[in-house]
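# Results of the structural survey
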Amino acid sequence: MFIRRGIWERRVNWCGPDFVWCVMYVLGLSLGVGSSACLLRDGKVLFAAHEERFSRKKGDSGFPYNAVRFCLDGAGILINDVDCVGFCAAAACSGSLKGGCGGWVGLDENGGVAAGNRAVGVLRRKLRYSGRIEGVSSYVAYGFGSYFGSLFDGAALVVVDGVAGEYCTVLGCAKGLDVSFLKAIGYPDSLAVLYRAVCDYLGFCDAGSEYKVMGLSAYGRPVFYDDFLRVVEVSEDGYALDMSFFDVVDGGFVVSDKFARLFGVRRKEGGRLVQRHKDIAASLQRVLEDALLAVLKYARRLTGCDNLCVSGEVALNCLALSKVVGKAGFKSVYVLPAPDEGGLAVGAAFYVYYSVFGQKKRVGFGSAFLGPSFSDEDIKGFLEREGVKYTVFRDDRGMVSAVARLIYEGNVVGWFQGRMEWGARALGARSILASPCGSEVRDVLNTGVKHREEFRPFAPVVCDDDARDFFVLDDALFSLYEFMLAVCAVRGDKRELIPGAVHADGSARVQVLRRSVNPLFYGLVKEFGRVSGVPVLVNTSFNDAGEPIVCSLEDACRSMIRTGVDYVVFGRFLIRKDENSLQKGWRSERP
C-alpha cells in the first residue's frame, strides 16, 4: 500500500492496493504586530484571519488565539490534526542606529530560523500542540508568501520592509519550486523606517499612518526633493540612509533635530495642515518612488526575470509600486492582499509546505475571502434576539435591486456578505458603499461616517468589462487591481461622472471585480450602473476610525451606531438605522 502523506506516516485503514490519500494540514502563524493565522490543506489556503478582527484592537500584537481557533473550527479539526506549525515572529527595531551594511551584502542561506527550545516550548504551551514546529525568518516568509501565492513559474523576489530579521530590503530569485535569496541591505537602512519617521514628523503618530501621508502627497509639490536627497542617497543599484537625520525613542525611529533644521518645525498631532506639510509629503513620496525604482531595476538586472513578486510594508504604498514596476522593466507583478507583517502567516505556511516537506503541486493563493461568514439562519436569529427591525428579501435579485436604488438615492450602505476579507482592504464582503456621482460624498464619508481627515480619498469598484472605459489600466499591474493594491489614472472624460472616487491628482486606487470572484457584489455594481448610468461604486472598509474592519454581526451594528451609515445589508436582511433604537437598546457593547 502506498501512502501519500504530509510529514510522517499516519495510521490509516487499509482499503485496497491503490493510493490512500492522507490530507496534509499546515498552520501558519505571524507573531508580533498584526498577528494572524492561516491554515493550508494540501497547499491551498482554506482560512486566514488577523487577530485584530476578533479582539477589536487595531494592529493587535497578541498571540492569535482567536484566529487559530477560527481556522481549526472552520476546517473541523483539532490542533493535533495539524501536521506542522510554521511560525514567523515579525521583527521589531532593535533601538540602535548601528549595524547597517552600507550597501548590498550577499546571502548564503535561505532556510528558516532555528526554533529554539524556548520559542517552541512557548508555542506548545499556548497551542497545546505536540507535533512538529518550524520557525521561519521574516524575509523568507515574505518571499515564499509572495511567490507561492502567485502562479508564476519564475520571478524576481523583492522584500522592502521595516526590518525583516536583520535586513530591510532583500532580493531573491525563484524558478519552479526553487527559491534563493541573493542580496540584502541591512538594518537600519530601511525605506519603511524613513517613511514612518516622516509620518510622525508630519503629526501622524498612530501606527500604520503611512497611507495618510501617501494620500496627502497628492495635494503637494515635491519642492523639498533635493533636501530629501541629503537624507536618502539614491544610486543606480539602490539607496542608503544618512542615519544622522534620525533618533531612536522608545525603540522606534523619529527624525532628529538635524532633520527639523532642514525641513522646519515638526507639526503637532492634530495641528493645522499647511502647504509646507503637503509639499514635504509629496517630496517624501517622490524620493521613495525613486529609491524603490532603483531597487527594482537592480533586481531585474540581477535575476533577469520578467515577473516580480513584492512583499513587506512598502508594498502597501500602492502609489509608488504602480509607478515603478513598468519603469523597472517587469512585465507582470504579484502582491499578496496582506503583504505586510500579517501576511507572514501565509509565507510561513508556504515555506513549510514547499521547502520543508518538498511538496510539488502549486495552487497559488486564490481568493482573499478567507474569514468568518454567517448563514441566513445565524443572521435572523441574531436580529430577532436583539429586537432589530428588518426587511428580508426573497432572493438575491430583489435584494440587489433594492440596495442599488438606495445607493443611487444618496444613502450610505454597509455591505456585510459572505466570508470576511483577509488583508488591509475591504473587497466587497465587509464594505461601506456609496454613489461616486457627487463630489460631496467624500465629505460625507470622511466626516460623518469614517471620522477621519478630510483629504483622504476613497476607492472605486468597477466590473472588469467596464474597467477600461473609466480607468487607464496597466497590464503589468492587473493582478493588483483585484486586491485594491494599485493606483491608476481616471480617464479625463469620466472624472466628472465619478468625482467622489477621484483623488486630487486625478488618480484612483481601483478595485477591478470579476464575476467569478464575487458574483453577488458584481451583480450589485452592475445593477447600480443600470440604475444610474455609471457602473462604479465607492467602496471603503466597514469600520470607524481607529478600529479594525468589522468581523461579526455585532461589530457591524456597533459601527452603524457610531457612524453615518444609513442601512446595513446582512445577507438578504436589510436594516434601516432610523427604524431601530439601537443607540439605546444595543446590549452587545463591549466594556
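Numbering of residues starts from 1 in each chain and follows the order in which that chain's sequence is written. Restriction of local features to residues with pLDDT of at least 70 applies here, the model being predicted, together with a cutoff of 80 or more for giving and counting side-chain atom pairs; totals for whole chains, interfaces and linings are based on all residues. The side-chain numbers reported here are obtained from all heavy atoms of the structure, hydrogens and water having been left aside.

Put simply, DSSP marks the helices as runs of H or I at least four residues long and the strands as runs of E at least two long, and each gets a number from the N terminus on. A tally of helices and strands in the protein chain yields 19 helices and 28 strands. Here the globule rule reads 2.2 Å times residues to the power 0.38, and the radius of gyration is calculated from C-alpha atoms. Here the protein chain has a C-alpha radius of gyration of 24 Å; the compact-globule value for 591 residues is 25 Å, and the two agree. Summarising its shape, the C-alpha atoms of the protein chain cover approximately 75 × 65 × 45 Å along the three principal directions. The buried share among the 591 residues of the protein chain stands at 59%. Contacts are assigned to residue pairs that have any heavy atoms within 4.5 Å of one another. Long-range pairs, those at least 24 residues apart, make up 72% of the contacts in the protein chain with a sequence separation of at least 6. To measure how exposed things are, a 1.4 Å probe is used in the Shrake-Rupley method; for residues, cover is taken only from the protein chains shown. Roughly 23,700 Å² of accessible area belongs to the protein chain as shown, and the carbon and sulfur atoms make up 48% of that amount. Accessible area is worked out with a 1.4 Å probe on protein chains only. A residue is then buried under 20% of its type maximum, exposed over 50%, and partly exposed in between.

How sure the predictor is of each residue is captured by pLDDT, a score from 0 to 100. Per-residue pLDDT for the protein chain averages 90, and the proportion of residues at 70 or more is 91%. Scored below 50 in pLDDT, residues 1-17 makes 34 contacts in the model with residues more than four places away or belonging to other chains. Contacts for the low-pLDDT stretch residues 583-591, under 50 throughout, to residues beyond four places or in other chains number 21 contacts.

A few words now on the packing of helix α4 (residues 138-149) against helix α11 (residues 344-356). To obtain an axis, a line is fitted to C-alpha atoms, over the contacting stretch when the element is a helix, and the angle between two such axes runs from 0 to 180 degrees between their N-to-C directions. Axis separation between α4 and α11 bottoms out at 7 Å; the angle between their running directions is 80°. Put simply, α4 runs roughly perpendicular to α11. Across the interface between the two elements, Ser138, Val140, Ala141, Tyr142, Phe144, Gly145, Phe148 and Gly149 from α4 touch Leu344, Gly347, Ala348, Phe350, Tyr351, Tyr354 and Ser355 from α11. In the scheme used here, Gly and all other residues not listed as nonpolar or charged are polar, with Ala, Val, Leu, Ile, Met, Phe, Trp, Tyr, Cys and Pro taken as nonpolar and Asp, Glu, Lys and Arg as charged. Split into classes, the residues belonging to the contact of α4 with α11 amount to ten nonpolar, five polar and no charged. We call two directions roughly parallel when the angle between them is under 35 degrees, roughly antiparallel when it is over 145, roughly perpendicular when it lies between 65 and 115, and oblique otherwise.

Further remarks concern the packing of helix α5 (residues 191-201) against helix α9 (residues 275-303). In a pair of packed helices, the angle between the axes and the distance between the axes together describe the arrangement. It is the contact of α5 with α9, at a shortest axis distance of 11 Å, that shows an interaxial angle of 180°. When the interaxial angle is binned, α5 and α9 end up roughly antiparallel. Touching Leu191, Leu194, Tyr195, Val198 and Tyr201 of α5 are Arg276, Ile280, Leu284, Gln285, Leu288, Ala291 and Leu292, all from α9. Counted by class, the contact of α5 with α9 contains ten nonpolar, one polar and one charged residues.

Right, let's talk about the sheet that holds strand β8 (residues 132-135) for a bit. Taken together, the five strands give an open sheet; going across it, the order is β5-β4-β3-β6-β8, and neighbouring strands pair in mixed fashion. Looking at which strands have only one partner, the edges of the open sheet turn out to be β5 (44-50) and β8. Taking the axes of each pair of neighbouring strands and ignoring which way they run, one obtains an average angle of 20° across the sheet. Inspection of the sheet shows strand β3 (residues 25-31) paired to strand β4 (residues 36-41) by six bridges, in the antiparallel sense. Across the sheet, the residue bridging to Leu27 is Leu39, located in β4. A strand pair is defined by DSSP finding two or more bridges across the two strands.

A few words on the environment of Leu202. Mapped onto the elements of the fold, Leu202 is located in the loop between α5 and α6 (210-216). Residue Leu202 is classed as buried on the basis of its relative accessible area, which comes to 0%. The spatial distance from the C-alpha of Leu202 to the C-alpha of Leu485 is 24 Å, given a sequence separation of 283 residues.

The next thing to look at is unusual backbone geometry. That bond from Tyr187 to Pro188 is cis: its omega, 10°, falls within 30 degrees of zero. By the element assignment, Pro188 lies in the loop between β11 (178-186) and α5. Within the chain, His451 stands out as a residue other than glycine whose phi angle is a positive 55°. Among the residues examined, His451 registers a relative accessible area of 36% and is labelled partly exposed.

Now for the packing of aromatic side chains. Two rings from Phe, Tyr or Trp (for Trp, the six-membered ring) form a pair when their centres sit within 6.5 Å of each other. Planes less than 30 degrees apart are called stacked, planes more than 60 degrees apart edge-to-face, and all others tilted. For the structure shown, the criterion picks out 28 aromatic pairs. Taking the ring centre of Phe204 as reference, the NZ or CZ of Arg267 above it sits at 5.0 Å. For a lysine, the NZ atom is tested; for an arginine, the CZ atom; a charge sits over a ring if that atom is within 6 Å of the ring centre and within 35 degrees of the ring normal.

With respect to the element layout, His50 can be found in strand β5. Overall, His50 belongs to the buried group, its relative accessible area being 9%.

Another aspect to go through is the pairing of strand β26 (residues 536-541). Of all six residues in β26, six are buried, a share of seventy percent or more. Relative to β26, strand β20 (residues 430-434) runs antiparallel, the two being bridged by four bridges. Across the sheet, the residue bridging to Leu433 is Asn539, located in β26. One ladder, built from four bridges, connects strand β21 (residues 459-463) with β26; its direction is antiparallel. By the bridge assignment, Pro460 is partnered in β26 with Val538.

Moving on, we come to the environment of Ile280. Within the secondary structure, Ile280 is located in helix α9. With 46 residues separating them in the primary sequence, Ile280 and Val234 have C-alpha atoms 18 Å apart. Ignoring any residue separated from it by four or fewer positions in sequence, one finds Ile280 in contact with Val198, Tyr201, Leu202, Phe224, Phe228 and Phe263.

Below, the discussion takes up the state of the cysteines. In this description, a disulfide is simply a cysteine sulfur pair whose atoms lie within 2.5 Å. Applying the stated criterion across every chain, the model contains zero disulfides. Counting only cysteine sulfurs, Cys38 is the nearest neighbor of Cys84, a cysteine outside any disulfide, at a range of 12 Å. We classify Cys84 as buried; its relative accessible area is 0%. A disulfide-free cysteine, Cys305 has its sulfur positioned 3.9 Å from the sulfur of Cys173, the nearest such atom. Classification of Cys305 by relative accessible area gives buried; the value is 12%.

Time to look at the pattern of salt bridges. Any carboxyl oxygen of Asp or Glu that lies within 4 Å of a side-chain nitrogen of Lys or Arg is treated as forming a salt bridge with it. Applying the stated criterion across every chain, the model contains 27 salt bridges. Between Glu210 and Arg196 there is a salt bridge, and its shortest N-O distance comes to 3.4 Å. Taken together, the residues Glu210 in helix α6 and Arg196 in helix α5 connect sequence positions 14 residues apart. For Arg196, a relative accessible area of 31% gives the class partly exposed.

Now for the sheet that holds strand β23 (residues 488-490). With antiparallel pairing, three strands are arranged side by side in an open sheet as β22-β23-β24. Since the sheet does not close on itself, it has two edges, and those belong to β22 (471-472) and β24 (507-508), each with one partner. Strand direction decides the pairing type here: β23 and β24, joined by two bridges, are antiparallel. Bridged to Cys488 within β24 is Ala508.

A few words on the side chain of Gln285. Position of Gln285 relative to the elements: it lies in helix α9. Look at Gln285 and you get buried, because its relative accessible area is 3%. Filtering out sequence-adjacent residues up to four positions away, Gln285 remains in contact with Tyr195, Met214, Ser217, Asn317, Leu319 and Ala320.

Attention now goes to the pairing of β4. Taken across its six residues, β4 has five buried, putting it largely inside the fold. The antiparallel pairing of β3 with β4 creates a hairpin that spans four residues between the two strands, and Gly32 there sits at a positive phi of about 130°. Count of turn residues in the β4/β5 antiparallel hairpin: two residues, of which Asp42 carries a positive phi of about 50°.

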